[in-house]
Structures are given as structure tokens and as C-alpha cells.
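Next come the chains, spelled out residue by residue.
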Amino acid sequence: MTQRLIVSRRALLAGAAGALAMPAIRPAFAQGAPIKVGVLHSLSGTMAISETALRDTVLMMVEWINSQGGLLGRKVEAVVVDPASNWPLFAEKARELLQVHKVDVTFGCWTSVSRKSVLPVYEELNGLLFYPVQYEGEEQSRNVFYTGAAPNQQAIPAVEYLMSDDGGGAKRIALLGTDYVYPRTTNRILRAFLNSKGIADADIMEEYTPFGHSDWQGIVSRVKRFAGEGKKTAIVSTINGDANVPFYRELGNQGIKAEDIPSVAFSVGEEELAGIDTKPLVGHLAAWNYFMSVDSPVNTEFKRMWAAYIKNDKRVTNDPMEATYTGFRMWAQAVAKAGTTSVDAVRTAMYGQKVDAPCGYTEEMFDNHHLSKPVMIGEIMENGQFNVVYKTPTAIKAENWSPFIPENANRRRG
């Protein structure tokens, strides 16, 4: 083992603040082919508003790890492709990354339909995908590590909060989502959960719109009428991509304030709010596992690292970026432990990996390929940041097979 490799492994396994410090002199790399990291995020189309920042996060982490001596003494290179918010194209680009570029790992996808599109490719070719966004669960693949939230780490706690006295005591819920697998499956779980809490189907409104939907006047008007029938009402939003901009604008146009009809979003963070006038939205909510406003030493360093890389003080951090960062660090630790980038060896080395994450909690990867994560609920502030009004005392283990799906009764969960 070379001295350079010893130093590299120590850096990878050290605390975040020390490990993220950029050395003044970049080390030389050993002979050998570079380790290739695939980046599979939409840089155009309806999802570019969300996914471009994740491309940038991976590039930042590649630059960081090379500043630490690379991995196994070898340079790490990013291979970026643009599936352009086109779900079949995701599968084509995934195959290109694995067969043409021969990447060792891929960080990518946002929507569940894009993940479902590439999953058969990664399983067929034994590739390794890190998926960084909250999702509906009901999946577990030996070729995917899920670093975003499962429903018990986001959706269910958020609805519980809305129903609590602190959250306004909602008795009616409007489920508004983009028309694809994540919103529909999540809302199936939430409907069953709400029914178990005594909320009847008549008190649940459910509507779906296509990606990029822009005319929200009619739907928001129907929500107002639904809320005007005598019971405290809240909105649960699984709207994805750039459709969020006109949706939130219409909430403001129709004067829907948080104290009257609170809205909690599962796919809206700091990046999406950056293009919206947030003044009419103050007090509306989002449920995530990280917010940029979190006060922790690791988050301070994460934000400093991002600002130094992106060279734009107006660019924010958000939850899927933090999940990308955490996943990258765990993968690097697993490669160092395994002594190879072989997918089978890295997969085994991933189990039990821990990272002190920017959310302020230590997160751990379990053998169900999901992370333990805290649950946080934040109120939108005028500056586009979130004031955290609720968080769990510890990180919660993911339950990727929901007990509210009857078919899961005999499955191993968690």
C-alpha cells in the first residue's frame, strides 16, 4: 500500500470538516485508468430546474476527492450526459454510461419514472446507481442505493404534522400531484394512512396534472371550494419540476395563506423557490430531511464548499444536493474499504457506512439499500429559506415497503 493511498483513506474516513478542506497543492496520481463517475441528470426540459444543481453537486464532489488524492491513488473523472427530461432517453443514456463510457458508478435521476426507466439497465449490466431524491418506496434493488427519503421519512410524518395542533389540525386533505408513479403511489399510501386515522374518502381530494402544467386557476379554485365546506383543510403537494412555479404563483393570486389552507410540499426546496416571489407563500411548508438553514458545523462547511465551487453567492443548497453529497462520500468510503471499484465488492462495503451529514445527524446505510434520515418540516420565509418548525430527535430507519400497502403484509420491511 502506497503512502498516498494511506493518506487518501484517512481523509475519506475523517470528519467532514477536515475531510472537505482543500489542500493548497493538488497531489499527483498513481498510474492507471481514471475512476469514472456517471452523471445522469436532466440539464434541459421540465426537470432541469431541479436536476441541474445535482449535476453541479457531483462535479463539486469529484473536484473535492481529486484534491484529496483521488480514490485508490487514481484520478476520478465525471462523465456527464443529458437525458433531457425524456424518460425513454434516460434508459439510453444509462446504457451509454455503462457500455460505452464504462463508468464505475452513476449518480442520477430525480423522478421515479426516470429511475424506473433505467433500473432494468443497471440490473442487466450490474451497474451501480445512487438515487438522491425522496420517492414512493415499494422498491429495492441490489443495483441501487437510495439516499433520499422513503414515505415514512417524509410523507407520513408531514401529514401527521398537518393533522396535529401545531400543524393546524387538518381534517380534510387535498392531494395534488404530477401524474406519474411517485405522486400516485405516495398518495395511495397517504390515503390508506388517512383512512386509518378516521379521515373518510369524502374528505380527501385528489388531482393530477401533467409535467410542466401551467394553468392552475381551476384546480386552486376547487381547493378553495373544498376547504370552504366547514372543515380545516390542508394541501399535500407532490407536484414536480417547473410546474411548481405557476402553482405557487396561483396560490398567491387567489390569496391562499398558510393560516387558512396550509400547503406542504415534498418536491419543493430552496432551488425551486429561487425563481418565485415567496412573500405570499410565507408560512407554507415543505417536508425534507435537510434544509439549507440547518445550523450544524458540517452544513456550514458544506455551504462554504458549494459557494467556493459554484462561485455564485445566490446559488442555494437543498435536500437532494445533500443526499448526493452523502451518497458520494459513502461510495468513496466503500471503495476505500473494498480496495476496488468492483460493483459487487462496493455493494457489500456500503452496508453499515456512516456519514456525519450536513443535516446535523449521522446517517447510516442499511442492507435494504436505504439510509437512516431525520425528518424535518420547514416554513417558507420571505427570503426563500425555511424555518425548521419540526424535526425528529434521531435519524429514522427507512421503511421502503409501506405497511399501508396491503400487498406488503408478508414482506420484510426496514
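Rules of the game
Residues numbered from 1 in each chain as written. Predicted model: local features only at pLDDT ≥ 70, side-chain atom pairs only at ≥ 80, totals over all residues. Heavy atoms only, no water. Pairing = 2+ DSSP bridges. Helix = DSSP H or I, 4+ residues; strand = E, 2+ residues; numbered from the N terminus. Buried < 20%, exposed > 50% of the residue type's maximum accessible area, 1.4 Å probe, protein only. Core = buried A, V, L, I, M, F, W, Y, C linked by side-chain atoms within 4.5 Å. Domains from an automatic or database assignment. Contact = heavy atoms within 4.5 Å. pLDDT = per-residue confidence, 0-100. Axes fitted to C-alpha atoms, helices over the stretch in contact; angles between N-to-C directions. Right-handed = clockwise from strand over helix to strand, strands pointing away. Arc of directions from axis to C-beta. Salt bridge = Lys/Arg side-chain N within 4 Å of Asp/Glu carboxyl O.

## Concerning the pairing of strand β14 (residues 386–391)
- Looking at chain direction, strand β13 (residues 376–380) and β14 are connected through five bridges and run antiparallel. Directly across from Gly378, in β14, lies its bridge partner Val388.
- Hairpin geometry of β13 and β14 is characterised by an intervening segment of five residues between the two adjacent antiparallel strands and by a positive phi of about 85° at Gly384.

## Description of the environment of Val375
- Assignment of secondary structure puts Val375 in the loop between β12 (362–364) and β13.
- By relative accessible area, which is 1% here, Val375 ends up buried.
- Sequence separation of Val375 and Tyr390 is 15 residues, and the distance between their C-alpha atoms is 8.0 Å.

## Points about the nonpolar core
- Of all hydrophobic cores here, the largest spans 99 residues; its most connected members are Val37, Leu40, Phe247, Tyr248 and Trp331.
- Residue-level mapping places this core at the junction of two domains, with at least three residues from each of domain 1 (35–149 + 295–373) and domain 2 (153–293 + 401–408).
- With near-sequence residues (within four places) excluded, Trp331 lies in contact with Ile35, Val37, Leu71, Val105, Phe107, Leu128, Phe130, Val346 and Met350.
- Core analysis: the next-biggest nonpolar cluster, separate from the first, contains 25 residues, Ala170, Val264, Leu285 and Ile405 among them.

## Considerations on the confidence of the model for the protein chain
- Mean pLDDT over the protein chain: 92, with 92% of residues reaching 70 or higher.
- Every residue in residues 1–19 scores below 50 in pLDDT, and together they form 33 contacts with partners more than four places removed in sequence or on other chains.
- Note on residues 21–25: pLDDT is under 50 here. Beyond four places in sequence and across chains, it has six contacts.

## Some thoughts on unusual backbone geometry
- Backbone geometry places Lys102, a non-glycine residue, at a positive phi of 55°.
- Structurally, the position occupied by Lys102 is in the loop between α4 (87–100) and β3 (105–108).

## So, the sheet that holds strand β4 (residues 129–131)
- Overall, parallel pairing links the five strands, which are arranged β2-β1-β3-β4-β5 in an open sheet. The open sheet is flanked by β2 (76–81) and β5 (144–146), the only strands paired with a single partner. On average, each strand axis in the sheet is tilted by 25° relative to the strand beside it, whichever way the strands run.
- The sheet contact formed by β3 and β4 spans two bridges and is parallel. Looking across to β4, one finds that Phe107 is bridged to Phe130.
- Its contacts with the sheet place α4 against β1 (35–40), β2 and β3, and it is angled at close to 175° to β1.
- Running over the sheet, helix α12 (residues 319–338) touches β1, β3 and β4 and is turned about 170° from β3.

## Overview of the pairing of strand β8 (residues 233–238)
- The element β8 is largely enclosed, with a buried count of six among its six residues.
- Taking every second residue as pointing to the same face, both faces of β8 are buried, with Thr233, Ile235 and Ser237 on one and Ala234, Val236 and Thr238 on the other.
- As paired strands, strand β6 (residues 172–178) and β8 are joined by six bridges and run parallel to one another. Bridge assignment links Ala174 to a residue of β8, and that residue is Ile235.
- Pairing of β8 with strand β9 (residues 263–265) involves three bridges; the strand directions are parallel. When the bridges of β9 are listed, Ile235 appears paired with Ser263.
- The β-α-β motif built from β8, the intervening helix α9 (residues 244–253) and the parallel element β9 has right-handed crossover chirality.

## Some remarks on helix α13 (residues 343–350)
- Of the residues making up α13, those classed as buried are Val343, Val346, Arg347, Ala349 and Met350. Projected onto a plane normal to the axis of α13, the buried residues spread over an arc of 170° and lie on a single side.
- Of the surrounding secondary structure, the elements contacted by the buried residues of α13 are β4, β5 and α12.

## Overview of the pattern of salt bridges
- Counted by the stated rule, this structure contains 18 salt bridges.
- Between Asp203 and Arg172 there is a salt bridge; the shortest N-O distance is 2.7 Å. In this pair, Asp203 is assigned in the loop between α7 (181–196) and β7 (204–209) and Arg172 in strand β6, connecting sequence segments 31 residues apart. Note on accessibility: Asp203 and Arg172 belong to one class, buried.
- The partner of Arg191 in a salt bridge is Glu206, and the shortest N-O contact between them spans 2.6 Å. Residue Arg191 is found in helix α7, and its partner Glu206 is found in strand β7; the two are separated by 15 residues along the sequence.
- Counted as one network, the salt bridges with shared partners bring together Arg115, Lys116, Glu136 and Glu139.

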